[in-house]
Amino acid sequence: MLPCARTSITAGSLFTGRICASSLALLSYLGAAALTSYVAQPAVAQMVADSNTVVAAGLAAPGIPGATIVSLSTPSINSVGTFVIVGTLTGGSITPANNQAMWMVTPSSIFLVLQTGSSVVGGLPTGITVSTIESPTVNANGTIAFLTSLQGPAVTGANTRAVIAGPSGALQLIARASNPPPGLATTLRFNSFSGPRLGVGNLVVFNASIAGQEPNAQGVLRPMNGDSGATMWAGQVGSPMSLVMRSGIAGNVPGIPTARFANFGDANVSEQGILTFHGALILQSPIVTSTTDMVIIRGPVGGFQTVARAGMSVPFLVGSQAARLDGINPVSANGDNEFAFTGTVTPSPTTSSSFMTFRVANNQWYPLVQTGWIVEPGIQVGTVSSPRCSGQSNVLMLSTLLGSRVGPANDQTIWASIPAGLFEIARKGNQAPGCLPGVTFAGFSSYGMNAVGTAAFLCTLSGPLVTPQNDTALVTWNAVDGLRLIGRKGGAYEVTTDDFRTISGIVCNLDGGAEDGRPCSLSSNGLLA
């Protein structure tokens, strides 16, 4: 029997800050103090600087005279509660060239970081400005990084994409499409980017595809090998970026000298500067076969190690339970030298594979959830999605359910692994907190967890009086208080004094562990944006 605890479902929610939606920005404090002293009461919203003010559509855009906010994007928050958010603008002198802005919100202020069309980014040629601000992330030092498209003289589809990063007031061009990658042949060019991620200090990490020609061993220019176009770069803002990983090149896979990457994912980057990512290797028998072609790489730049590889024996499964790791899904890491991932596991000597989610800490492997584990009579675990790993050994997972008592209405559940144990915190078909009796969870989407043990997830609802206008909710959980309804589509919210609006949608990014350098709406100190 799978050890799991059902938590109590409690109505009511406590807000002492902001919660952010597509056209409304607030922040909900769910920190350590709240874990032991929740008070059930109607939702109360409070702006950090002014208890009657929020960042919202229809309000004046801070720092931009005459402009009004039209809509807001998903916010990204750091470990100390500072967040950045992007909005679209109208009114005043706003044109299509300057109709986006990014603000930073601290515990004491909100200020303009960047408006599209402005010349505040260092390293751009005269007349070239940013035209978009995409998926920004912010670290504990206040360094910001984001992707952008550029605009201005001689900007084309081939050279419009770029990576921008730096502290507010000192943003810098990090990389631009069509520019030569540092340290490689000058006949190569950056093509596209993903990420970026932020680490310790001003550390920026991003992936890029490259294209062009490069010299062969005889110095003759040849079209670049198609397998060698994926790259990973890292460096401090204000210094040249360094190539830290490249596909198609031998010597890049730690511990496997002749192996070559086919591709690799964007890295998790801790605030201590530790990178963790998964990759696929090019088949190269007998060194790399179809059963040994996936790896997880971890370490600081210049100190990478292969910490898991398909084909290896699962460390804690021995004797009659011996099994090998066959597949590796994307990995999630925290700032405590831990990571978690879901892999496919094949027991020996059978060939029937199953999913198993692992937490790995200091080279010790711990099983969390596995296909086939019995939840209760007639119900067992099916497939397991990628976990969200945060500090203090907290991991959140989403799985399907199988069995004679399982149908479309109850075939999905969320698991929380914390030091106190493994908890099934929400299942399709169960009562949703803060809702009318009979209103149940109908499905789950974005989900994440932080270092103080607060889980948050977006869900759809079904049941009495549920319509497309009120069928989405944001819910949190902790081991003390259980489930809490934070916000629901269709609910009323007082934006400013006597200015009541209806929540038409809830947008937040919970697909991370809050300590991995990626954009995230859940802070490791207990704040949700």
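Note: the structure precedes this text.
What you see is a predicted model, and the numbers here were worked out from it, not measured in a lab.

**Comments concerning the overall build of the chain**
From N to C terminus, the chain includes one helix and 42 strands. Relative to its 529 residues, the chain shows a buried fraction of 54%. Counting contacts in the chain only where the partners sit at least 6 residues apart, residues at least 24 apart contribute 48% of the total. About 20,000 Å² of surface is accessible on the chain, with carbon and sulfur atoms providing 55% of the total.

**Overview of the pairing of strand 39 (residues 482-488)**
Most of strand 39 sits inside the fold, with seven of its seven residues counted as buried. For strand 38 (residues 472-478) and strand 39, the ladder comprises six bridges, and the chain directions are antiparallel. Across the sheet, the residue bridging to Trp477 is Leu483, located in strand 39. Between the antiparallel neighbours strand 38 and strand 39 lie three residues.

**Comments concerning the sheet that holds strand 37 (residues 455-462)**
Ordered in space as 36-37-38-39, the four strands form an open sheet in which the pairing is antiparallel. In the strand order of this sheet, the two ends are held by strand 36 (440-449) and strand 39, each with one partner. Averaged over neighbouring strand pairs, the angle between their axes works out to 30° when direction is ignored.

**Here's the deal with the packing of aromatic side chains**
Centre-to-centre distance and the angle between the planes together describe a pair of aromatic rings. Summed over the entire model, instances satisfying the criterion amount to 16 aromatic pairs. Between the aromatic rings of Phe190 and Trp233, the centroid separation amounts to 5.3 Å while the plane-to-plane angle is 70°, which identifies the pairing as edge-to-face. Pair noted here: Phe190 is in strand 15 (residues 188-198) and Trp233 is in strand 18 (residues 230-236), with a separation of 43 residues, a long-range link. Per residue, the accessibility class of Phe190 equals that of Trp233, and both read buried.

**Description of the nonpolar core**
Of all hydrophobic cores here, the largest spans 25 residues; its most connected members are Ile425, Phe441, Phe457, Leu461 and Trp477. Listing elements by their share of this core, those giving two or more residues are strand 33 (394-402), strand 34 (412-418), strand 35 (421-427), strand 36, strand 37, strand 38 and strand 39. Leu203, Met245, Ile256 and Phe277 belong to the second-largest nonpolar core, a separate cluster that totals 20 residues.

**Notes on the pattern of salt bridges**
On inspection of all chains with the given rule, the structure shows 13 salt bridges. In this structure, Arg197 and Asp266 form a salt bridge, with 3.7 Å as the shortest nitrogen-oxygen distance. One end of the pair, Arg197, is in strand 15; the other, Asp266, is in the loop between strand 20 (261-264) and strand 21 (268-269), with 69 residues separating them in the sequence. Residue Arg197 is classed as buried on the basis of its relative accessible area, which comes to 11%.

**As for the environment of Gln100**
Residue placement: Gln100 occurs in strand 8 (residues 100-105). The contact partners of Gln100, leaving out residues within four places of it in the chain, are Val86, Gly87, Thr88, Leu89, Leu114, Gln115, Thr116, Ser131, Thr132 and Ile133. Reaching out from Gln100, the side chain makes a polar contact with the backbone nitrogen of Ile133 at a distance of 2.9 Å.

**Brief notes about the environment of Asn509**
Checked against the element boundaries, Asn509 lands in the loop between strand 41 (499-502) and strand 42 (527-528). Put simply, Asn509 and Ser76 are 433 residues apart on the chain and 7.6 Å apart in space, counted from C-alpha to C-alpha. Within the structure, Asn509 has its side chain in polar contact with the backbone oxygen of Pro519 (distance 3.0 Å).

**A closer look at unusual backbone geometry**
Here Gly195 and Pro196 are connected by a cis peptide whose omega angle stands at -10°. You can see Pro196 is positioned in strand 15. Cis geometry is adopted by the peptide bond preceding Pro286, which originates at Ser285 and carries an omega value of 5°. For Pro286, the position within the fold is in the loop between strand 22 (275-281) and strand 23 (294-299). Unlike most non-glycine residues, Ser178 shows phi in positive territory, near 80°. Its place among the elements puts Ser178 in the loop between strand 14 (172-176) and strand 15. Even without being a glycine, Ser393 presents a positive backbone phi close to 65°. Structurally, the position occupied by Ser393 is in the loop between strand 32 (388-390) and strand 33.

The rules we used
- Residues numbered from 1 in each chain as written.
- Predicted model: local features only at pLDDT ≥ 70, side-chain atom pairs only at ≥ 80, totals over all residues.
- Heavy atoms only, no water.
- Helix = DSSP H or I, 4+ residues; strand = E, 2+ residues; numbered from the N terminus.
- Buried < 20%, exposed > 50% of the residue type's maximum accessible area, 1.4 Å probe, protein only.
- Contact = heavy atoms within 4.5 Å.
- Areas by Shrake-Rupley, 256 points an atom, 1.4 Å probe, with all protein chains shown as cover.
- Pairing = 2+ DSSP bridges.
- Axes fitted to C-alpha atoms, helices over the stretch in contact; angles between N-to-C directions.
- Phe/Tyr/Trp six-rings, centres within 6.5 Å; stacked < 30°, edge-to-face > 60°.
- Core = buried A, V, L, I, M, F, W, Y, C linked by side-chain atoms within 4.5 Å.
- Salt bridge = Lys/Arg side-chain N within 4 Å of Asp/Glu carboxyl O.
- Polar contact = N/O pair within 3.5 Å; in protein donor to acceptor, adjacent residues only side chain to side chain.

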